[in-house]
Amino acid sequence: MNRSSKAAAAVLTAAGILAGGWAAAGPSSAVDGAAPPPRERVLWGSVTIPPGRDGIVEASGLSGPALGFGSSLTLTAPSGAKATGVPLATAGYRGEVAADGRTAAYTATSVESPWQTGTFPFVLAVPADAVPGARLDGCVLRLADAGGVERASGGCQVTVALPSPVLSRPESGVPLGYRPTASGTAYPGAQVTASGTAYPGAQVTVSDQDGNEVCVDTAGADGGWSCAPGRDLPAGANRLQATATMNGVSASSEQIQISVGSSSAEASPVPAR
């Protein structure tokens, strides 16, 4: 995994700890989909990854019998995704990724009672054409002893995240009238005082610093969106933020500092933050 991929994976690390410890191998309803009930929990993890990016699903906390030298923990990547890294740096484990990216594994090489302490991260890459909100099926976790006998098994839930929208205008600190237009791609005749992009088809909601809805639109095929506030924004310092929502997942832009007044001459300066 190259340096940039490692950085992306670090940023996108999600809560994927195997809740409730690892139970002995046996029937389970948790290979994919929703987390199993506590009584049925076996190997389990979850992660949310944007299209075209890497993310980390983590395993930890074996509570069953100690497994020794040569035992292994293997992850089978879900449909459409690939395993790209095993970044654990702790001594006593050897990590490897299959050439086709279908599986990745850690093998105990020297520790006396492996798997009972520490966290075991697996890096997964989601394709750029994955649809936000989709759950990728087929992620499997398997713990085996040195003889290859399965001692615990389960799965992980991999959800495709929605990329964050961008609200690029107005620029921070630029005075605005009471009804600035928030927009992505300008439509003919539109007055553009704010602009941004979002994932095509996502609903974009612009909100002020108090969480009040300012305007709503749906991003077009090119990612552009445009909406005009239907009410006057309160005078003075304020902040705008765009939130995109699609298929049950959402993501927000960075906030933009603005100063609202009836004219640029009446606008108050934005205080330093």
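None of the values given here were measured: they were computed from a predicted structure. (Residues numbered from 1 in each chain as written. Predicted model: local features only at pLDDT ≥ 70, side-chain atom pairs only at ≥ 80, totals over all residues. Heavy atoms only, no water.)

Draft legend 1. The arrangement of the packing of aromatic side chains in detail. Inspection of the entire model under this criterion finds five aromatic pairs. Measuring from centroid to centroid gives 5.1 Å for tyrosine 93 and phenylalanine 120, while their planes differ by 70°, and the two rings are edge-to-face. Of the two residues, tyrosine 93 is situated in strand β5 (residues 93–97) and phenylalanine 120 in strand β7 (residues 119–125); the sequence distance between them amounts to 27 residues. Note on tyrosine 93: relative accessible area 15%, which makes it buried. When its relative accessible area of 1% is taken as the criterion, phenylalanine 120 is described as buried. Three or more aromatic residues joined by ring pairs make a cluster, and in this case those are Tyr93, Tyr106, Trp115, Phe120 and Phe122. (Phe/Tyr/Trp six-rings, centres within 6.5 Å; stacked < 30°, edge-to-face > 60°. Helix = DSSP H or I, 4+ residues; strand = E, 2+ residues; numbered from the N terminus. Buried < 20%, exposed > 50% of the residue type's maximum accessible area, 1.4 Å probe, protein only.)

Draft legend 2. Just the pairing of strand β9 (residues 140–144), in detail. Pairing between strand β3 (residues 72–76) and β9: five bridges, direction antiparallel. Considered in β9, the bridge of serine 72 is made with alanine 144. Between β9 and strand β10 (residues 150–160), which follow one another and run antiparallel, lie five residues, and glycine 148 among them has a positive phi close to 85°. (Pairing = 2+ DSSP bridges.)

Draft legend 3. Representation of the environment of serine 153 in the model. Of note, serine 153 is situated in strand β10. In this structure serine 153 comes out as buried when scored by relative accessible area, which is 15%. A sequence separation of 10 residues divides serine 153 from leucine 143, and the C-alpha atoms of the two residues are 6.1 Å apart. Within polar-contact distance, the side chain of serine 153 engages the side chain of glutamate 150 at 3.2 Å. (Polar contact = N/O pair within 3.5 Å; in protein donor to acceptor, adjacent residues only side chain to side chain.)

Draft legend 4. Structural view of unusual backbone geometry. Phi is positive for asparagine 247, which is not a glycine, with a value near 50°. Relative to the elements of secondary structure, asparagine 247 occurs in the loop between β18 (236–246) and β19 (249–252).

Draft legend 5. Seen up close, the pairing of β5. The pairing of β5 with strand β6 (residues 103–108) spans five bridges and is classified as antiparallel. Opposite glycine 95, over in β6, you have tyrosine 106 as the bridge partner. Counting the residues between successive antiparallel strands, the hairpin from β5 to β6 contains five residues, one of them, glycine 101, with a positive phi of roughly 75°.

Draft legend 6. Seen up close, the pattern of salt bridges. This structure, assessed with the given rule, holds two salt bridges. For arginine 142, the salt bridge identified is with glutamate 150, shortest N-O distance 3.1 Å. Given a relative accessible area of 31%, arginine 142 falls into the partly exposed group. (Salt bridge = Lys/Arg side-chain N within 4 Å of Asp/Glu carboxyl O.)

Draft legend 7. Up close: the nonpolar core. If you look at the biggest cluster of nonpolar residues, it comprises 30 residues, and the most contacted ones within it are Leu73, Leu75, Trp115, Phe122, Leu124 and Val158. At four residues, β10 tops the list of elements feeding residues into this core. Counting 20 residues, the second largest nonpolar core, distinct from the first, contains Leu167, Trp225, Leu233 and Ile256. (Core = buried A, V, L, I, M, F, W, Y, C linked by side-chain atoms within 4.5 Å.)

Draft legend 8. Seen up close, the sheet that holds strand β4 (residues 82–85). Spatial ordering of the open sheet is given by β2-β7-β4, a layout of three strands whose pairing is antiparallel. This sheet does not close on itself; its edge strands, each paired only once, are β2 (54–60) and β4. Each neighbouring strand pair of the sheet contributes to a mean axis angle of 40°, computed without reference to strand direction. (Axes fitted to C-alpha atoms, helices over the stretch in contact; angles between N-to-C directions.)

Draft legend 9. Representation of the confidence of the model for the protein. This prediction gives the protein a mean pLDDT of 76; 70% of its residues lie at or above 70. This model gives residues 36–41 a pLDDT under 50, and the stretch forms nine contacts once residues within four places in sequence are excluded. Taken as a whole, residues 185–192 scores under 50 in pLDDT and shows 11 contacts with residues more than four places along the chain or in a different chain. (pLDDT = per-residue confidence, 0-100. Contact = heavy atoms within 4.5 Å.)

Draft legend 10. Representation of the state of the cysteines in the model. Scanning the model with the defined rule gives two disulfides in all. Here cysteine 139 engages in a disulfide with cysteine 156; their sulfurs sit 1.7 Å apart. Within this pair, whereas cysteine 139 is found in the loop between β8 (135–136) and β9, its partner cysteine 156 is found in strand β10, the two being separated by 17 residues in sequence. Here cysteine 139 and cysteine 156 have matching classes, each one buried. In this model, cysteine 215 is linked to cysteine 227 through a disulfide, with the two sulfur atoms separated by 2.2 Å. On the S-S bond that ties cysteine 215 to cysteine 227, the torsion sits near 40°, and the link is right-handed. Residue cysteine 215 is found in strand β16 (residues 213–218), and its partner cysteine 227 is found in strand β17 (residues 226–227); the two are separated by 12 residues along the sequence. Each member of the pair, cysteine 215 together with cysteine 227, is buried. (Disulfide = S-S within 2.5 Å.)

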